[in-house]
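Per-entry structural report
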Amino acid sequence: MSPLTSIHWFRKGLRIHDNPALMSALEKNDGDFYQLRPVFILDSYYWKHRRIGSNRWRFMHQSLENLDENLRKIGSRLYVLEGVPEEVFTELFKKWNVKRLTFEVDIEPYPQKRDAAVTKLAKKHGVEVITSTSHTIYNPEAVIAKNLGKTPLTMQKWISVAESMPAPPRPVEAPVSVPTAARAPLDEGKYLLPSLEKLGVDHSTMGPCLYPGGETEALRRMEEHLKKTEYICKFEKPNTSPNSLKPSTTVLSPYFRFGCLSSRLFYYKLKEVITGRPHSKPPVSLMGQMYWREFYYTVAAATPKFDQMVDNPVCAQVPWDNNPEYLEAWAHGRTGYPFIDAIMRQLRQEGWIHHLARHAVACFLTRGDLWQSWEEGQKVFEELLLDQDWSLNAGNWMWLSASAFFHQFHRVYSPVVFGKKTDKLGDYIRKYVPEVKKFPPEYIYEPWEAPMSVQKTAGCVVGTDYPRRIVKHEEVYKKNIARMSAAYKSTKEMKASPDKSQKRPSDGGESSTKKKPKSKSIKDYVKK
(Lines give C-alpha, C1' and ligand atoms only; values in the text may rest on other atoms or scores of the structure.)
Protein backbone atom coordinates (compact mmCIF):
# COMPACT_ATOMS: atom_id res chain seq x y z
CA MET A 1 0.00 0.00 0.00
CA SER A 2 1.22 3.52 -0.80
CA PRO A 3 2.24 5.83 2.07
CA LEU A 4 -0.41 7.92 3.81
CA THR A 5 -0.83 11.29 2.14
CA SER A 6 -1.84 14.81 3.12
CA ILE A 7 -3.15 17.07 0.34
CA HIS A 8 -3.09 20.82 0.57
CA TRP A 9 -5.50 22.19 -1.99
CA PHE A 10 -4.41 25.57 -3.37
CA ARG A 11 -7.13 27.79 -4.80
CA LYS A 12 -6.72 31.53 -4.10
CA GLY A 13 -3.96 31.43 -1.50
CA LEU A 14 -1.14 30.97 -4.03
CA ARG A 15 1.69 31.40 -1.51
CA ILE A 16 3.65 29.49 1.09
CA HIS A 17 3.98 32.36 3.60
CA ASP A 18 1.13 32.84 6.08
CA ASN A 19 -0.65 29.74 4.88
CA PRO A 20 -2.00 28.02 8.01
CA ALA A 21 -3.85 25.37 6.01
CA LEU A 22 -0.58 24.39 4.33
CA MET A 23 1.09 24.18 7.73
CA SER A 24 -1.75 21.95 8.96
CA ALA A 25 -1.04 19.60 6.08
CA LEU A 26 2.50 19.24 7.44
CA GLU A 27 1.48 18.41 11.00
CA LYS A 28 2.31 14.97 12.38
CA ASN A 29 -0.36 12.37 13.02
CA ASP A 30 0.33 10.07 16.00
CA GLY A 31 3.98 11.03 15.76
CA ASP A 32 4.35 10.33 12.05
CA PHE A 33 4.28 12.59 9.00
CA TYR A 34 1.94 12.17 6.08
CA GLN A 35 3.47 12.68 2.67
CA LEU A 36 2.63 16.19 1.46
CA ARG A 37 1.13 16.73 -1.98
CA PRO A 38 0.20 20.36 -2.76
CA VAL A 39 -2.51 20.34 -5.44
CA PHE A 40 -4.05 22.91 -7.78
CA ILE A 41 -7.06 21.92 -9.86
CA LEU A 42 -7.91 23.68 -13.12
CA ASP A 43 -11.60 23.51 -12.34
CA SER A 44 -13.44 23.26 -15.66
CA TYR A 45 -16.80 24.02 -14.08
CA TYR A 46 -15.48 27.15 -12.43
CA TRP A 47 -13.76 28.53 -15.49
CA LYS A 48 -16.78 27.94 -17.66
CA HIS A 49 -18.84 30.23 -15.45
CA ARG A 50 -16.26 33.01 -15.11
CA ARG A 51 -15.10 35.59 -17.60
CA ILE A 52 -11.31 35.52 -17.66
CA GLY A 53 -9.31 37.67 -20.04
CA SER A 54 -5.89 36.70 -21.33
CA ASN A 55 -4.05 39.16 -19.05
CA ARG A 56 -5.52 37.55 -15.94
CA TRP A 57 -4.84 34.09 -17.30
CA ARG A 58 -1.19 35.10 -17.66
CA PHE A 59 -1.08 36.53 -14.13
CA MET A 60 -2.55 33.35 -12.64
CA HIS A 61 -0.26 31.16 -14.74
CA GLN A 62 2.80 33.10 -13.57
CA SER A 63 1.56 32.83 -9.99
CA LEU A 64 1.24 29.05 -10.28
CA GLU A 65 4.68 28.76 -11.87
CA ASN A 66 6.18 30.79 -9.03
CA LEU A 67 4.30 28.75 -6.44
CA ASP A 68 5.80 25.57 -7.90
CA GLU A 69 9.26 27.17 -7.77
CA ASN A 70 8.84 28.14 -4.12
CA LEU A 71 7.53 24.71 -3.18
CA ARG A 72 10.48 23.03 -4.88
CA LYS A 73 12.86 25.19 -2.83
CA ILE A 74 11.50 23.55 0.33
CA GLY A 75 11.45 20.01 -1.02
CA SER A 76 7.99 19.71 -2.57
CA ARG A 77 6.22 20.75 -5.78
CA LEU A 78 2.81 21.73 -7.16
CA TYR A 79 0.72 18.92 -8.61
CA VAL A 80 -1.65 20.37 -11.24
CA LEU A 81 -4.74 18.49 -12.36
CA GLU A 82 -7.77 19.30 -14.53
CA GLY A 83 -11.46 18.61 -14.05
CA VAL A 84 -14.32 18.95 -11.58
CA PRO A 85 -12.87 18.79 -8.04
CA GLU A 86 -15.27 16.11 -6.76
CA GLU A 87 -14.25 13.82 -9.60
CA VAL A 88 -10.54 14.62 -9.25
CA PHE A 89 -10.54 13.94 -5.51
CA THR A 90 -12.53 10.73 -5.89
CA GLU A 91 -9.55 9.40 -7.87
CA LEU A 92 -6.81 10.99 -5.74
CA PHE A 93 -8.18 9.82 -2.39
CA LYS A 94 -7.74 6.23 -3.55
CA LYS A 95 -4.64 6.61 -5.72
CA TRP A 96 -2.57 8.48 -3.14
CA ASN A 97 -4.05 6.89 0.00
CA VAL A 98 -5.10 10.31 1.29
CA LYS A 99 -5.86 10.77 4.98
CA ARG A 100 -5.89 14.55 5.29
CA LEU A 101 -7.13 17.41 3.11
CA THR A 102 -6.47 21.06 3.95
CA PHE A 103 -7.57 24.25 2.23
CA GLU A 104 -8.28 27.94 2.76
CA VAL A 105 -11.90 29.02 3.32
CA ASP A 106 -13.62 30.81 0.42
CA ILE A 107 -16.86 32.78 0.93
CA GLU A 108 -18.02 32.90 -2.72
CA PRO A 109 -21.20 30.97 -3.65
CA TYR A 110 -19.73 28.40 -6.03
CA PRO A 111 -16.66 27.64 -3.87
CA GLN A 112 -18.97 27.19 -0.88
CA LYS A 113 -20.99 24.55 -2.73
CA ARG A 114 -17.86 22.96 -4.19
CA ASP A 115 -16.11 22.79 -0.83
CA ALA A 116 -19.17 21.33 0.88
CA ALA A 117 -19.36 18.61 -1.77
CA VAL A 118 -15.63 17.82 -1.48
CA THR A 119 -15.83 17.78 2.32
CA LYS A 120 -18.73 15.32 2.19
CA LEU A 121 -16.76 13.17 -0.23
CA ALA A 122 -13.69 13.30 2.00
CA LYS A 123 -15.63 12.08 5.03
CA LYS A 124 -17.01 9.25 2.95
CA HIS A 125 -13.43 8.18 2.20
CA GLY A 126 -12.24 8.61 5.77
CA VAL A 127 -10.23 11.76 4.98
CA GLU A 128 -9.79 14.38 7.69
CA VAL A 129 -10.60 17.92 6.46
CA ILE A 130 -8.90 20.98 7.98
CA THR A 131 -9.77 24.52 6.84
CA SER A 132 -8.35 27.92 7.74
CA THR A 133 -9.49 31.51 7.23
CA SER A 134 -6.50 33.40 5.90
CA HIS A 135 -7.61 35.21 2.73
CA THR A 136 -8.84 38.12 4.82
CA ILE A 137 -7.50 39.91 7.89
CA TYR A 138 -10.62 39.19 9.92
CA ASN A 139 -12.96 36.23 9.72
CA PRO A 140 -16.19 37.64 8.17
CA GLU A 141 -18.31 35.33 10.33
CA ALA A 142 -16.56 36.57 13.48
CA VAL A 143 -17.21 40.19 12.54
CA ILE A 144 -20.91 39.50 12.03
CA ALA A 145 -21.08 37.54 15.28
CA LYS A 146 -19.44 40.44 17.13
CA ASN A 147 -22.16 42.70 15.66
CA LEU A 148 -24.82 40.51 17.31
CA GLY A 149 -25.43 38.53 14.16
CA LYS A 150 -26.13 41.56 11.98
CA THR A 151 -24.11 42.39 8.89
CA PRO A 152 -22.51 45.86 9.15
CA LEU A 153 -23.69 47.70 6.05
CA THR A 154 -21.60 50.85 6.35
CA MET A 155 -17.85 51.23 6.41
CA GLN A 156 -18.02 53.22 9.64
CA LYS A 157 -19.97 50.45 11.36
CA TRP A 158 -17.61 47.78 10.07
CA ILE A 159 -14.59 49.68 11.41
CA SER A 160 -16.18 50.16 14.82
CA VAL A 161 -16.99 46.45 15.06
CA ALA A 162 -13.64 45.19 13.76
CA GLU A 163 -11.58 47.50 15.94
CA SER A 164 -13.50 46.35 19.02
CA MET A 165 -12.45 42.77 18.34
CA PRO A 166 -9.23 41.08 19.46
CA ALA A 167 -6.24 41.71 17.20
CA PRO A 168 -6.29 39.59 14.01
CA PRO A 169 -4.15 36.44 14.04
CA ARG A 170 -0.50 37.06 13.31
CA PRO A 171 0.76 35.70 9.98
CA VAL A 172 2.46 32.33 10.23
CA GLU A 173 5.95 31.81 8.86
CA ALA A 174 6.53 29.99 5.60
CA PRO A 175 7.88 26.46 5.98
CA VAL A 176 11.66 26.47 5.60
CA SER A 177 11.83 22.86 4.50
CA VAL A 178 9.46 19.94 4.16
CA PRO A 179 10.66 17.18 6.54
CA THR A 180 12.24 14.29 4.70
CA ALA A 181 9.56 11.89 5.96
CA ALA A 182 6.86 14.16 4.51
CA ARG A 183 8.35 14.45 1.03
CA ALA A 184 6.20 12.76 -1.59
CA PRO A 185 7.58 11.51 -4.92
CA LEU A 186 8.01 14.48 -7.26
CA ASP A 187 6.61 12.48 -10.17
CA GLU A 188 8.69 14.48 -12.62
CA GLY A 189 6.97 14.78 -15.97
CA LYS A 190 3.52 14.31 -14.44
CA TYR A 191 0.93 16.77 -13.11
CA LEU A 192 2.60 19.70 -14.83
CA LEU A 193 1.04 23.12 -15.33
CA PRO A 194 -0.10 23.31 -18.97
CA SER A 195 1.30 26.16 -21.02
CA LEU A 196 -0.95 29.07 -21.85
CA GLU A 197 -0.93 27.85 -25.45
CA LYS A 198 -2.22 24.44 -24.41
CA LEU A 199 -4.88 26.13 -22.31
CA GLY A 200 -6.03 27.93 -25.42
CA VAL A 201 -5.21 31.46 -24.22
CA ASP A 202 -4.88 33.94 -27.06
CA HIS A 203 -1.52 35.71 -26.74
CA SER A 204 -2.52 38.33 -29.30
CA THR A 205 -5.00 39.84 -26.84
CA MET A 206 -2.41 40.27 -24.08
CA GLY A 207 -1.01 43.66 -23.25
CA PRO A 208 2.42 44.42 -21.75
CA CYS A 209 3.21 42.44 -18.62
CA LEU A 210 3.56 45.33 -16.17
CA TYR A 211 2.64 43.34 -13.06
CA PRO A 212 4.10 39.80 -13.09
CA GLY A 213 2.18 37.27 -11.04
CA GLY A 214 3.51 35.32 -8.11
CA GLU A 215 4.42 35.35 -4.43
CA THR A 216 8.02 36.40 -5.04
CA GLU A 217 6.98 39.52 -6.95
CA ALA A 218 4.25 40.25 -4.40
CA LEU A 219 6.71 40.24 -1.49
CA ARG A 220 9.22 42.30 -3.46
CA ARG A 221 6.60 44.85 -4.36
CA MET A 222 5.35 45.03 -0.77
CA GLU A 223 8.84 45.62 0.62
CA GLU A 224 9.50 48.28 -2.03
CA HIS A 225 6.47 50.26 -0.89
CA LEU A 226 7.05 49.72 2.82
CA LYS A 227 10.30 51.65 2.49
CA LYS A 228 8.29 54.73 1.48
CA THR A 229 7.45 55.73 5.03
CA GLU A 230 6.22 59.23 4.21
CA TYR A 231 4.09 57.93 1.32
CA ILE A 232 2.44 55.32 3.56
CA CYS A 233 1.78 57.70 6.44
CA LYS A 234 0.36 60.47 4.24
CA PHE A 235 -1.57 58.25 1.83
CA GLU A 236 -5.14 59.41 1.28
CA LYS A 237 -7.23 57.77 -1.40
CA PRO A 238 -8.86 60.96 -2.79
CA ASN A 239 -5.46 62.62 -3.20
CA THR A 240 -3.97 60.08 -5.58
CA SER A 241 -4.05 60.56 -9.33
CA PRO A 242 -6.35 58.39 -11.46
CA ASN A 243 -4.57 59.34 -14.68
CA SER A 244 -0.88 59.44 -13.87
CA LEU A 245 1.31 57.68 -16.41
CA LYS A 246 2.78 55.57 -13.61
CA PRO A 247 0.53 54.14 -10.87
CA SER A 248 0.08 56.49 -7.91
CA THR A 249 -0.93 53.56 -5.69
CA THR A 250 0.75 50.29 -4.70
CA VAL A 251 -0.91 47.96 -7.28
CA LEU A 252 -0.85 45.19 -4.68
CA SER A 253 -4.51 44.37 -5.31
CA PRO A 254 -3.88 41.60 -7.91
CA TYR A 255 -1.56 39.90 -5.43
CA PHE A 256 -4.17 40.03 -2.67
CA ARG A 257 -6.82 38.74 -5.05
CA PHE A 258 -4.86 35.58 -5.91
CA GLY A 259 -3.48 35.27 -2.39
CA CYS A 260 0.11 35.70 -3.60
CA LEU A 261 0.42 38.18 -0.73
CA SER A 262 -1.12 37.68 2.69
CA SER A 263 -3.44 40.50 3.73
CA ARG A 264 -2.56 39.76 7.36
CA LEU A 265 1.14 40.11 6.65
CA PHE A 266 0.60 43.46 4.95
CA TYR A 267 -1.70 44.59 7.76
CA TYR A 268 0.95 44.02 10.42
CA LYS A 269 3.70 45.47 8.23
CA LEU A 270 1.62 48.63 7.82
CA LYS A 271 1.06 48.78 11.57
CA GLU A 272 4.81 48.70 12.09
CA VAL A 273 5.33 51.62 9.71
CA ILE A 274 2.62 53.94 11.04
CA THR A 275 2.94 53.20 14.77
CA GLY A 276 4.46 56.17 16.55
CA ARG A 277 4.20 58.42 13.50
CA PRO A 278 1.52 60.90 12.41
CA HIS A 279 -0.55 59.17 9.76
CA SER A 280 -3.80 59.33 7.83
CA LYS A 281 -6.76 57.37 9.15
CA PRO A 282 -9.30 54.95 7.66
CA PRO A 283 -11.26 54.93 5.47
CA VAL A 284 -9.00 57.07 3.20
CA SER A 285 -5.66 55.76 4.48
CA LEU A 286 -3.76 52.79 3.10
CA MET A 287 -5.01 50.77 6.07
CA GLY A 288 -8.46 52.00 5.13
CA GLN A 289 -8.04 50.48 1.67
CA MET A 290 -7.45 47.13 3.34
CA TYR A 291 -10.55 47.72 5.43
CA TRP A 292 -12.65 48.31 2.31
CA ARG A 293 -11.63 44.87 1.11
CA GLU A 294 -12.63 43.39 4.47
CA PHE A 295 -15.93 45.29 4.48
CA TYR A 296 -17.03 43.93 1.12
CA TYR A 297 -15.97 40.39 2.03
CA THR A 298 -18.01 40.61 5.22
CA VAL A 299 -21.17 41.86 3.49
CA ALA A 300 -20.78 39.46 0.56
CA ALA A 301 -20.39 36.47 2.90
CA ALA A 302 -23.83 37.11 4.39
CA THR A 303 -25.79 38.55 1.46
CA PRO A 304 -27.62 36.25 -0.99
CA LYS A 305 -27.37 37.12 -4.68
CA PHE A 306 -24.69 39.69 -3.88
CA ASP A 307 -23.53 39.92 -7.49
CA GLN A 308 -26.92 40.72 -8.98
CA MET A 309 -29.71 43.25 -8.51
CA VAL A 310 -32.83 41.08 -8.28
CA ASP A 311 -33.27 39.25 -4.95
CA ASN A 312 -30.29 41.12 -3.50
CA PRO A 313 -31.57 42.56 -0.19
CA VAL A 314 -29.00 45.38 -0.02
CA CYS A 315 -29.47 46.59 -3.61
CA ALA A 316 -31.85 49.25 -4.90
CA GLN A 317 -34.05 48.08 -7.76
CA VAL A 318 -33.31 50.42 -10.66
CA PRO A 319 -34.98 50.23 -14.10
CA TRP A 320 -31.76 50.31 -16.08
CA ASP A 321 -31.84 50.49 -19.88
CA ASN A 322 -30.54 47.68 -22.06
CA ASN A 323 -28.51 49.18 -24.92
CA PRO A 324 -25.87 46.77 -26.29
CA GLU A 325 -24.37 49.49 -28.49
CA TYR A 326 -23.74 51.74 -25.50
CA LEU A 327 -22.20 48.87 -23.58
CA GLU A 328 -19.96 47.86 -26.48
CA ALA A 329 -18.74 51.43 -27.01
CA TRP A 330 -18.00 51.84 -23.31
CA ALA A 331 -16.25 48.48 -22.96
CA HIS A 332 -13.90 49.16 -25.90
CA GLY A 333 -13.19 52.82 -25.26
CA ARG A 334 -15.25 54.30 -28.08
CA THR A 335 -17.64 56.64 -26.25
CA GLY A 336 -16.28 59.86 -27.74
CA TYR A 337 -15.16 61.05 -24.32
CA PRO A 338 -11.33 60.76 -24.41
CA PHE A 339 -10.91 60.52 -20.62
CA ILE A 340 -13.41 57.65 -20.35
CA ASP A 341 -12.01 55.94 -23.44
CA ALA A 342 -8.44 56.22 -22.18
CA ILE A 343 -9.37 54.48 -18.92
CA MET A 344 -11.18 51.62 -20.64
CA ARG A 345 -8.35 51.13 -23.11
CA GLN A 346 -5.78 51.06 -20.34
CA LEU A 347 -7.89 48.43 -18.59
CA ARG A 348 -8.14 46.28 -21.70
CA GLN A 349 -4.42 46.59 -22.46
CA GLU A 350 -2.87 46.35 -19.00
CA GLY A 351 -5.47 44.75 -16.73
CA TRP A 352 -5.31 47.47 -14.09
CA ILE A 353 -6.67 50.99 -13.63
CA HIS A 354 -6.61 53.36 -10.66
CA HIS A 355 -9.54 53.07 -8.26
CA LEU A 356 -10.69 56.65 -8.99
CA ALA A 357 -10.57 55.86 -12.70
CA ARG A 358 -12.86 52.91 -11.93
CA HIS A 359 -15.18 55.36 -10.19
CA ALA A 360 -15.33 57.57 -13.27
CA VAL A 361 -16.09 54.86 -15.84
CA ALA A 362 -18.54 53.04 -13.56
CA CYS A 363 -20.51 56.20 -12.90
CA PHE A 364 -20.45 57.00 -16.62
CA LEU A 365 -21.87 53.59 -17.57
CA THR A 366 -24.61 53.60 -14.94
CA ARG A 367 -26.29 56.53 -13.22
CA GLY A 368 -24.12 59.28 -14.71
CA ASP A 369 -24.56 59.01 -18.46
CA LEU A 370 -25.45 55.75 -20.19
CA TRP A 371 -27.97 54.33 -17.67
CA GLN A 372 -26.83 50.75 -18.19
CA SER A 373 -27.00 48.11 -15.47
CA TRP A 374 -24.07 47.80 -13.09
CA GLU A 375 -24.28 44.04 -13.64
CA GLU A 376 -23.09 44.57 -17.23
CA GLY A 377 -20.17 46.68 -16.09
CA GLN A 378 -19.36 44.07 -13.48
CA LYS A 379 -19.06 41.45 -16.24
CA VAL A 380 -16.60 43.56 -18.23
CA PHE A 381 -14.46 44.19 -15.16
CA GLU A 382 -14.65 40.49 -14.30
CA GLU A 383 -13.03 39.69 -17.62
CA LEU A 384 -10.43 42.44 -17.81
CA LEU A 385 -9.20 43.23 -14.29
CA LEU A 386 -6.15 41.41 -12.95
CA ASP A 387 -7.48 42.03 -9.45
CA GLN A 388 -11.08 41.03 -10.23
CA ASP A 389 -12.48 39.86 -6.93
CA TRP A 390 -16.07 38.63 -6.74
CA SER A 391 -16.91 40.45 -3.50
CA LEU A 392 -15.13 43.71 -4.31
CA ASN A 393 -16.28 43.82 -7.91
CA ALA A 394 -19.96 43.48 -7.03
CA GLY A 395 -19.69 45.73 -3.98
CA ASN A 396 -17.91 48.53 -5.81
CA TRP A 397 -20.31 48.43 -8.75
CA MET A 398 -23.29 48.70 -6.42
CA TRP A 399 -21.57 51.58 -4.63
CA LEU A 400 -20.66 53.51 -7.78
CA SER A 401 -24.07 53.03 -9.36
CA ALA A 402 -25.59 54.24 -6.06
CA SER A 403 -27.46 50.93 -5.82
CA ALA A 404 -26.11 50.17 -2.34
CA PHE A 405 -23.78 51.58 0.34
CA PHE A 406 -23.51 55.02 -1.31
CA HIS A 407 -26.73 56.99 -1.78
CA GLN A 408 -25.70 60.50 -2.82
CA PHE A 409 -26.69 59.79 -6.41
CA HIS A 410 -26.77 63.49 -7.26
CA ARG A 411 -22.95 63.52 -7.05
CA VAL A 412 -21.91 62.59 -10.58
CA TYR A 413 -18.40 62.34 -12.02
CA SER A 414 -17.92 64.60 -15.02
CA PRO A 415 -16.26 62.73 -17.93
CA VAL A 416 -14.53 66.02 -18.78
CA VAL A 417 -13.79 67.98 -15.61
CA PHE A 418 -12.70 65.13 -13.32
CA GLY A 419 -9.66 64.13 -15.38
CA LYS A 420 -8.51 67.73 -15.81
CA LYS A 421 -7.93 68.07 -12.07
CA THR A 422 -4.81 65.91 -12.16
CA ASP A 423 -3.81 65.99 -15.84
CA LYS A 424 -4.52 69.38 -17.39
CA LEU A 425 -2.37 68.72 -20.45
CA GLY A 426 -4.04 65.38 -21.19
CA ASP A 427 -0.86 63.29 -21.29
CA TYR A 428 -2.78 60.23 -20.08
CA ILE A 429 -5.29 60.61 -22.90
CA ARG A 430 -2.52 61.05 -25.46
CA LYS A 431 -0.99 57.74 -24.37
CA TYR A 432 -4.12 55.61 -24.56
CA VAL A 433 -6.20 57.45 -27.20
CA PRO A 434 -3.61 58.23 -29.88
CA GLU A 435 -6.28 59.42 -32.32
CA VAL A 436 -6.57 62.69 -30.39
CA LYS A 437 -2.98 63.06 -29.21
CA LYS A 438 -2.28 66.08 -31.44
CA PHE A 439 -5.17 68.13 -30.09
CA PRO A 440 -4.08 71.16 -28.04
CA PRO A 441 -4.72 70.90 -24.26
CA GLU A 442 -7.80 73.10 -24.38
CA TYR A 443 -9.56 70.55 -26.61
CA ILE A 444 -8.01 67.23 -25.60
CA TYR A 445 -10.90 66.44 -23.19
CA GLU A 446 -13.58 67.86 -25.52
CA PRO A 447 -12.46 67.31 -29.12
CA TRP A 448 -15.99 67.97 -30.38
CA GLU A 449 -15.57 71.59 -29.28
CA ALA A 450 -12.52 72.12 -31.48
CA PRO A 451 -13.03 74.12 -34.70
CA MET A 452 -12.79 72.04 -37.85
CA SER A 453 -9.47 73.69 -38.67
CA VAL A 454 -8.03 72.47 -35.37
CA GLN A 455 -9.41 68.97 -35.93
CA LYS A 456 -7.85 68.77 -39.39
CA THR A 457 -4.53 70.08 -38.15
CA ALA A 458 -4.61 67.40 -35.40
CA GLY A 459 -5.32 64.75 -38.05
CA CYS A 460 -8.49 63.71 -36.28
CA VAL A 461 -11.94 64.75 -37.45
CA VAL A 462 -14.59 63.92 -34.88
CA GLY A 463 -17.14 61.55 -36.37
CA THR A 464 -14.62 60.21 -38.88
CA ASP A 465 -11.32 59.48 -37.13
CA TYR A 466 -12.72 59.40 -33.59
CA PRO A 467 -16.33 58.78 -32.47
CA ARG A 468 -18.75 61.54 -31.75
CA ARG A 469 -19.64 61.59 -28.07
CA ILE A 470 -22.22 58.94 -27.36
CA VAL A 471 -24.42 61.19 -25.19
CA LYS A 472 -24.36 64.81 -24.08
CA HIS A 473 -23.31 64.60 -20.45
CA GLU A 474 -24.63 68.03 -19.53
CA GLU A 475 -28.13 66.89 -20.53
CA VAL A 476 -28.39 63.21 -19.60
CA TYR A 477 -26.94 63.33 -16.10
CA LYS A 478 -29.75 65.64 -14.94
CA LYS A 479 -32.37 63.27 -16.34
CA ASN A 480 -30.63 60.32 -14.71
CA ILE A 481 -30.62 61.98 -11.30
CA ALA A 482 -34.41 62.21 -11.57
CA ARG A 483 -34.58 58.54 -12.61
CA MET A 484 -32.48 57.50 -9.61
CA SER A 485 -34.73 59.47 -7.32
CA ALA A 486 -37.76 57.63 -8.69
CA ALA A 487 -35.99 54.27 -8.36
CA TYR A 488 -35.15 54.96 -4.71
CA LYS A 489 -38.79 55.81 -4.03
CA SER A 490 -39.92 52.61 -5.75
CA THR A 491 -37.42 50.49 -3.80
CA LYS A 492 -38.58 52.06 -0.54
CA GLU A 493 -42.19 51.23 -1.38
CA MET A 494 -41.22 47.68 -2.35
CA LYS A 495 -39.50 47.12 1.00
CA ALA A 496 -42.56 48.48 2.75
CA SER A 497 -44.65 45.80 0.98
CA PRO A 498 -42.68 42.54 1.48
CA ASP A 499 -45.56 40.43 0.21
CA LYS A 500 -44.88 41.66 -3.33
CA SER A 501 -42.52 39.44 -5.30
CA GLN A 502 -39.36 41.18 -6.44
CA LYS A 503 -39.12 41.41 -10.19
CA ARG A 504 -36.50 42.94 -12.43
CA PRO A 505 -37.77 46.45 -13.28
CA SER A 506 -36.26 46.43 -16.77
CA ASP A 507 -35.74 44.07 -19.68
CA GLY A 508 -32.06 43.66 -18.86
CA GLY A 509 -32.31 39.88 -18.91
CA GLU A 510 -32.96 37.35 -16.17
CA SER A 511 -30.17 35.41 -14.53
CA SER A 512 -29.91 32.00 -16.13
CA THR A 513 -30.20 28.78 -14.19
CA LYS A 514 -26.84 27.03 -14.27
CA LYS A 515 -26.82 23.30 -14.72
CA LYS A 516 -23.85 21.15 -13.91
CA PRO A 517 -22.09 20.38 -17.19
CA LYS A 518 -20.37 17.25 -18.21
CA SER A 519 -16.69 17.15 -17.36
CA LYS A 520 -14.52 18.90 -19.94
CA SER A 521 -10.95 19.98 -20.27
CA ILE A 522 -10.11 23.50 -19.18
CA LYS A 523 -9.03 24.34 -22.74
CA ASP A 524 -12.65 23.94 -23.84
CA TYR A 525 -13.56 27.06 -21.91
CA VAL A 526 -10.76 29.59 -22.19
CA LYS A 527 -11.11 30.51 -25.86
CA LYS A 528 -13.47 33.34 -26.58
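How each quantity is defined
- Residues numbered from 1 in each chain as written.
- Predicted model: local features only at pLDDT ≥ 70, side-chain atom pairs only at ≥ 80, totals over all residues.
- Heavy atoms only, no water.
- Helix = DSSP H or I, 4+ residues; strand = E, 2+ residues; numbered from the N terminus.
- Contact = heavy atoms within 4.5 Å.
- Core = buried A, V, L, I, M, F, W, Y, C linked by side-chain atoms within 4.5 Å.
- Buried < 20%, exposed > 50% of the residue type's maximum accessible area, 1.4 Å probe, protein only.
- Pairing = 2+ DSSP bridges.
- Axes fitted to C-alpha atoms, helices over the stretch in contact; angles between N-to-C directions.
- Nonpolar A, V, L, I, M, F, W, Y, C, P; charged D, E, K, R; others polar.

So, the environment of G13
- Along the chain, G13 turns up in the loop between β1 (5–10) and α1 (20–25).
- Sequence separation of G13 and V172 is 159 residues, and the distance between their C-alpha atoms is 13 Å.
- For G13, the contacting residues outside a window of four places in its chain are N19, E104, F258 and G259.

Considering the nonpolar core
- W57, F266, F306, W330, F381, M398 and F405 are the most contacted members of the largest nonpolar core, which totals 131 residues.
- Sorting elements by how many residues they give to this core places helix α12 (residues 286–302) first, with 10 residues.
- Those residues within four positions of M398 in sequence are excluded, and the remaining contacts are F306, N312, V314, C315, W374, S403, A404 and F405.
- Listed in part, the 20 residues of the second largest apolar core include W9, I41, V98 and Y191.

Describing the pairing of strand β5 (residues 128–132)
- Sheet topology places strand β4 (residues 98–104) next to β5; 5 bridges connect them, and they run parallel. Within the sheet, the bridge partner assigned to L101 lies in β5 and is V129.

So, the packing of helix α15 (residues 355–368) against helix α22 (residues 473–496)
- One way to put it is that α15 packs onto α22 with a least axis distance of 10 Å and a crossing angle of 65°. Residues T366, R367 and G368 of α15 form the contact with α22, whose participating residues are H473, V476, Y477, N480 and M484.
- Grouping the amino acids of the contact of α15 with α22 by side-chain chemistry returns 3 nonpolar, 4 polar and 1 charged.

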